[in-house]
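# Architecture and fold: a report
Here is what each chain is made of, one letter per residue.
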Protein chains: 2
Amino acid sequence: MIEAQKQIHLWLKENKEHGVRFLQRLVQENSVRGNENKAQAIIIEKCRELGLSLDIWEINRDQLKQHPFFFANREDFAGNPNVAAVLSGSGGGRSLLLNGHIDVVPEGNLSDWTMDPYSGNIKDGKLFGRGASDMKGGTVSLLLAIEALKKLGIRLKGDLIFQSVIEEESGGAGTLSAVIRGYKADGAIIPEPTDMKFFPKQQGSMWFRINIQGKAAHGGTRYHGVSAIDKAYEVIHVIKELEANRNKRITDPLYDGIPIPIPINIGKIYSGTWPSSVPDLAIIEGRMGVAPGEKMFNAEKELEGVLEQLKQSDRWFRDYPPSIEWFGARWHPAEVDLDNPLIETTSSVYKKVTGQLPIIEASPWGTDGGILTEWGDTPVLVFGPGAAEAAHHTDEYIDLQAIFVAAEVIALTAIEWCGLEGGPTSDPGND
Amino acid sequence: MIEAQKQIHLWLKENKEHGVRFLQRLVQENSVRGNENKAQAIIIEKCRELGLSLDIWEINRDQLKQHPFFFANREDFAGNPNVAAVLSGSGGGRSLLLNGHIDVVPEGNLSDWTMDPYSGNIKDGKLFGRGASDMKGGTVSLLLAIEALKKLGIRLKGDLIFQSVIEEESGGAGTLSAVIRGYKADGAIIPEPTDMKFFPKQQGSMWFRINIQGKAAHGGTRYHGVSAIDKAYEVIHVIKELEANRNKRITDPLYDGIPIPIPINIGKIYSGTWPSSVPDLAIIEGRMGVAPGEKMFNAEKELEGVLEQLKQSDRWFRDYPPSIEWFGARWHPAEVDLDNPLIETTSSVYKKVTGQLPIIEASPWGTDGGILTEWGDTPVLVFGPGAAEAAHHTDEYIDLQAIFVAAEVIALTAIEWCGLEGGPTSDPGND
């Protein structure tokens, strides 16, 4: 292992330029939703070059649409495949799934970028562009780890399963499709942008839209109307109370120091069409955080419950109850215990590579880990080189050095977890 | 006078069909902003037929644009003239200005109408269509009053000045242009839809837009951001306090029983673009009521003052102060004393015609009366046959009977106010 570590460290050092150019190519290929195929082609080319067993398939909407975890308002997945590539082990070891998503969020307002969002420009050790941190940089760490093992002739007992999926940013249909196709493992790493922290637990989330009615009137006689803006504020108030109550229940020490472990964010309000009219409709949209271990359904019921209570305390709401709709994407929460062997193994490797123990936290956002854990029965660690603050932002970037540190941690974890062919097994199940 | 009253009453009774058809033609001619010319042509035709001295002119934007009362975001008034028509008196009497506006507000959402907004349909004694109440019905009362006097050969001492102006619904440039052209009088009646009430005082109003900044963050770490929606509600809160304080100062008995004499209405709020982001900008728009006798400028300063105070009490607002913009149309407040001879004369006529004293209130909205009183030095009574609840609404209508009662009141007021040629003068100044 010490020998392997030295070899891998050296190989990554010698292949820095190679890895950076590969990331640059990936970032330069805009892979927003519906446009993932060209970036996937680069991934496929690399997997072929590495001699992995390739599986390339399009998501079958008809097959998934009844699934309780399925969400996608996208009708057509044709031409933009999921990719899985397996480095088969010699047998007798644990399998490790390495999952990255190829889709990126839209670049937003172009004028807010100081450069072309798909430039892949490099400056001061950072590579810039949409998807650099979230999460093409993480995907490159995965592929560099596999490439190092291959090139160094290090053979594993357990299977190493690489995935490049679509649709993570829009509800996880890509990973769900992979799970249903049979891709499960003894453990998984998802290198989302965690700033190299370990997230064994991830907050889930779901979106809601609430319609609040008012009664129109002329502004000069506003007392003849009921302001939907005022009523919306009352709704927001009880949602804030619910948020406080839900967060009081969070006792997990991973959330120590987090001001609001599972926030409910009011992200939008739209009401009114005319300055001198009392608005008769307000629409608020928000995101409800769901605690690791909590069922989405129960969280939904809690929010619906406080709206129901408003009907008891307010005559207007009794006659015109606010209506709620759960819409858009949702991310399931996930958790593995801190003493899960996957966490222990990866932590110990991390310490060997960096000299320090990892910072372990609960993530404030969801990932495809929820689907893998909840539906694929695969324990997941979310850990990656990207900068959390850069994800989804203008001038997104990644610190290039972190990509290679993460690749080293992942390659060595693969060895520890899957076992070295011919070496001592670290899987108690094979003793 | 008793003889004249009988004659006028009879003439109006005999000309009911004639008056209703005239209103129907006017309503059927859509005269939304920029499209007033065809309805004005009908008015002009009628004034010609009555042998009035016609003055037809287009508003000169360049002439008005520096005027402190000028507001119009309309660049081009060409082809849509103002109309004034004078029935000259024989001399020695008070002049009376009869002002109606020909522009109507847009019909709004067509699917909310149960009929064509320009049908002029008649049902159950009501005539339906955009502008029926606001205020083509009132204009028809004015013209019927003049026609009755003409047809009955009743000649006045003072001038009777009829006006059909554009732009009332958009800030009053039509009436302002007429005032600047020299049209002033000893008294004026504006037959806006008052439900036959007398409004010797009118609330003014002006629109504001406030931009409130926040700080964006991911909804899952919303504590790293500052919600513009939350900050907007703090701004709304101090505006509500200001509204309460301003209304405490209103002691005019005309406002007895009015819950909020001069409301500040928050008509719109727009904030946020993504459910799971903390919104970094909120925009609220509203209408500030201005008390009769109050200066617009002082009201502006009061609202700006409470925003300024927020900077003292709130660190965020100190660094990111909300910005206010006064935009869109504005209507100046106006008032005449209850013992003004115009009110006394019209009240006494009203009692003769209807058997009851008029209900006297302060109007909850502005009219062109503010411009006439403040800039044209002309005392104004707002009184008309239209239904206040129908104005600006879908399925706008007017009670046809009220048009003829109003016409009778106006014709007799003209006689009392301007004096009958050869009859005893009622103008003390001529004693």
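Residues numbered from 1 in each chain as written. Chains lettered and ligands numbered in written order. Predicted model: local features only at pLDDT ≥ 70, side-chain atom pairs only at ≥ 80, totals over all residues. Heavy atoms only, no water.

### Some details on the overall build of chain A
Along chain A, the regular secondary structure elements total 12 helices and 16 strands. Computed over the C-alpha atoms, the radius of gyration of chain A is 24 Å, within 12% of the 22 Å expected from 2.2 N^0.38 for a compact globule of 431 residues. Taken along its principal axes, the extent of the C-alpha atoms in chain A is 85 × 45 × 45 Å. Within chain A, buried positions represent 60% of all 431 residues. Within chain A, counting contacts between residues at least 6 apart in sequence, those at least 24 apart form 83% of the total. Of the roughly 16800 Å² that chain A leaves accessible, carbon and sulfur atoms contribute 48%. Distance between charge centres in chain A, computed from 43 positive and 59 negative side chains, equals 1 Å. (Helix = DSSP H or I, 4+ residues; strand = E, 2+ residues; numbered from the N terminus. Rg over C-alpha atoms; globule rule 2.2 N^0.38 Å. Buried < 20%, exposed > 50% of the residue type's maximum accessible area, 1.4 Å probe, protein only. Contact = heavy atoms within 4.5 Å. Areas by Shrake-Rupley, 256 points an atom, 1.4 Å probe, with all protein chains shown as cover. Lys, Arg positive; Asp, Glu negative; His and termini not counted. Charge placed at Lys NZ, Arg CZ, Asp CG, Glu CD.)

### A few points about the sheet that holds strand β4 (residues 122-123) of chain B
Residues and elements named next belong to chain B. Read from one edge of the open sheet, three strands run β4-β5-β16, paired in antiparallel fashion. Looking at the sheet topology across the chains shown, the edges are occupied by β4 and β16 (397-399). Two elements, β4 and strand β5 (residues 126-128), share two bridges in a ladder whose sense is antiparallel. Looking at the pairing, Ile122 lines up with Leu127 of β5. Most of the contacts of helix α2 (residues 16-28) go to β5, to which it runs at about 20 degrees, and overall it touches β4, β5 and β16. Of the strands in this sheet, β4, β5 and β16 touch helix α12 (residues 400-418), which is tilted by about 60 degrees from β16. (Pairing = 2+ DSSP bridges. Axes fitted to C-alpha atoms, helices over the stretch in contact; angles between N-to-C directions.)

### Looking at the packing of helix α1 (residues 2-14) of chain B against α12 of chain B
All names here are of chain B. Two numbers describe how α1 lies on α12: the axes approach to 10 Å, and their chain directions differ by 150 degrees. The angle between the axes of α1 and α12 places the two elements in the roughly antiparallel class. Between α1 and α12 the crossing geometry is right-handed. Packed against α1, whose contacting residues are Ala4, Gln5, Ile8, His9 and Leu12, the element α12 presents Phe404, Ala407, Glu408, Ala411, Leu412 and Ile415 at the interface. The class makeup of the residues in the contact of α1 with α12 is eight nonpolar, two polar and one charged. (Parallel < 35°, antiparallel > 145°, perpendicular 65-115°, else oblique. Left-handed = near helix turned anticlockwise from the far one by under 90°. Nonpolar A, V, L, I, M, F, W, Y, C, P; charged D, E, K, R; others polar.)

### Some points on the environment of Glu308 of chain B
All names here are of chain B. Mapped onto the fold, Glu308 is located in helix α8 (residues 296-313). The partly exposed category is assigned to Glu308, whose relative accessible area is 42%. Distance from Glu308 to Pro322, taken between C-alpha atoms, is 8.5 Å for residues 14 residues apart in sequence.

### Focus: the interface of chain A and chain B
Between chain A and chain B, the contact holds 41 residues from the first and 40 residues from the second. At the boundary of chain A with chain B, total buried surface from both sides reaches about 3500 Å², with 62% on carbon and sulfur atoms. Looking only at chain A, the three residues that lose the most surface to chain B are Arg222, Tyr223 and Pro275 of chain A, adding up to 19% of its buried area. Linking chain A with chain B are four salt bridges, by the criterion used here. Of the charged contacts in the structure, one is a salt bridge between Glu243 of chain B and Arg222 of chain A, with a shortest N-O distance of 2.7 Å. Counting across the chain A and chain B interface gives 14 residue pairs in polar contact (both at pLDDT 80 or more). Listed by contribution, the elements that provide at least two residues to the side of chain A that touches chain B are α7 (228-248), β10 (264-271) and β11 (281-290) of chain A. It is β10 of chain A that contributes the most residues to the side of chain A that touches chain B, eight residues altogether. Its residues placed into classes, the side of chain A that touches chain B shows 21 nonpolar, 13 polar and seven charged. (Buried area = accessible area lost by both parts, 1.4 Å probe. Salt bridge = Lys/Arg side-chain N within 4 Å of Asp/Glu carboxyl O. Polar contact = N/O pair within 3.5 Å; in protein donor to acceptor, adjacent residues only side chain to side chain.)

### Quick look at helix α5 (residues 132-151) of chain B
Of all 20 residues in α5 of chain B, 18 are buried, a share of seventy percent or more. Count one or two residues on from α5 of chain B and you reach Gly153 of chain B, which has phi positive near 70 degrees.

### A few points about the UniProt feature "domain: Peptidase M20 dimerisation" (unreviewed entry) in chain A
According to UniProt, the positions carrying the feature "domain: Peptidase M20 dimerisation" (unreviewed entry) are residues 202-312 of chain A. The span residues 202-312 of chain A is 34% helical and 26% strand by assignment, and the distance between its end C-alpha atoms comes to 35 Å. (UniProt positions renumbered as here; feature names shortened; annotations may be inferred.)

### Examining the domain arrangement of chain A
All names here are of chain A. One can read the domain layout of chain A as domain 1 (2-202 + 334-430) and domain 2 (204-331). The C-alpha-based centres of domain 1 and domain 2 are spaced at 36 Å. Taken together, the contacts link 20 residues of domain 1 with 12 residues of domain 2. Regarding the contact of domain 1 and domain 2, the summed buried area is about 1200 Å², with carbon and sulfur atoms giving 57% of it. When the buried surface of domain 1 facing domain 2 is broken down by residue, Phe71, Lys201 and Ala362 rank first, second and third, together holding 32% of it. The interface formed by domain 1 and domain 2 contains two salt bridges. For the pair domain 1 and domain 2, the number of links is four residue pairs in polar contact (both at pLDDT 80 or more). Taken together, the elements giving at least two residues each to the side of domain 1 that touches domain 2 come down to β8 (198-202), β13 (334-335) and β14 (360-363). The element contributing the most residues to the side of domain 1 that touches domain 2 is β14, with four residues. Taken together, the residues of the side of domain 1 that touches domain 2 sort by class into eight nonpolar, six polar and six charged. (Domains from an automatic or database assignment.)

### Re the sheet that holds strand β5 (residues 126-128) of chain A
All names here are of chain A. In space, the three strands of this open sheet follow the order β4-β5-β16, with antiparallel pairing throughout. At either margin of the open sheet sits one strand with a lone partner, and together these are β4 (122-123) and β16 (397-399). Its contacts with the sheet place helix α5 (residues 132-151) against β5 and β16, and it is angled at close to 45 degrees to β16. Along the sheet, helix α12 (residues 400-418) makes contact with β4, β5 and β16, crossing β16 at roughly 60 degrees.

### Concerning empty space enclosed by the protein
Tallied over the entire structure, the rule returns two cavities of 30 Å³ or more. The wall of the largest cavity is formed by Arg222, Ser227 and Asp230 of chain A together with Ile239, Lys240, Glu243, Ile264, Asn265 and Ile266 of chain B. When contributions to the lining of the largest cavity are tallied by element, the ones reaching two or more residues are α7 (228-248) and β10 (264-271) of chain B. Along the lines of polarity and charge, the residues of the lining of the largest cavity split into three nonpolar, two polar and four charged. The computed volume of the second largest cavity comes to approximately 40 Å³. (1 Å grid on protein atoms, 1.4 Å probe; cavity = no way out; pocket = protein on both sides within 12 Å on 5 of 7 lines; lining within 4 Å. Points joined across faces, edges and corners; volume = space filled by probe spheres on them.)

### Some thoughts on the packing of helix α10 (residues 341-354) of chain A against α12 of chain A
Residue and element names in this part refer to chain A. In the contact formed by α10 and α12, the axes pass within 9 Å of each other and the chain directions differ by 130 degrees. When the axes of α10 and α12 are compared, the pair comes out oblique. When the axes of α10 and α12 are compared, the crossing they make is right-handed. Each of Pro341, Leu342, Thr345, Thr346, Val349, Tyr350, Lys352, Val353 and Thr354 in α10 lies in contact with α12, whose residues at this interface are Val405, Glu408, Val409, Leu412, Thr413, Glu416 and Trp417.

### Topic: the pattern of salt bridges
All names here are of chain A. All told, the structure shown has 64 salt bridges over all chains when counted by the stated rule. Notably, a salt bridge pairs Asp55 with Arg181, separated by 2.8 Å at the nearest N-O pair. One end of the pair, Asp55, is in strand β1 (residues 53-57); the other, Arg181, is in the loop between α6 (173-180) and β7 (188-190), with 126 residues separating them in the sequence. Salt bridges linked by common partners bring Arg33, Glu36, Arg74 and Glu167 together as one network.

### A closer look at the packing of aromatic side chains
The final tally for this structure, using the stated rule, is 26 aromatic pairs over all chains. Judged by centre distance (5.8 Å) and plane angle (15 degrees), the rings of Trp57 of chain A and Tyr183 of chain A are stacked. Here Tyr183 of chain A lies in the loop between α6 and β7 and Trp57 of chain A lies in strand β1, a separation of 126 residues in the sequence. Of the residues examined, Trp57 of chain A reaches a relative accessible area of 6% and is grouped as buried. Note on Phe199 of chain B and Trp365 of chain B: the rings are 5.7 Å apart at their centroids and 70 degrees apart in plane angle, and the pair reads as edge-to-face. With Phe199 of chain B in strand β8 (residues 198-202) and Trp365 of chain B in the loop between β14 (360-363) and α11 (369-374), the pair connects residues that are 166 residues apart, well separated along the chain. With relative accessibility at 4%, the residue Phe199 of chain B sits in the buried group. Residue class for Trp365 of chain B comes out buried when judged on its relative accessible area of 16%. Each member of the aromatic cluster is reached from another via a ring pair, and the members are Trp207, Phe327 and Trp331 of chain A together with Trp274 of chain B. (Phe/Tyr/Trp six-rings, centres within 6.5 Å; stacked < 30°, edge-to-face > 60°.)

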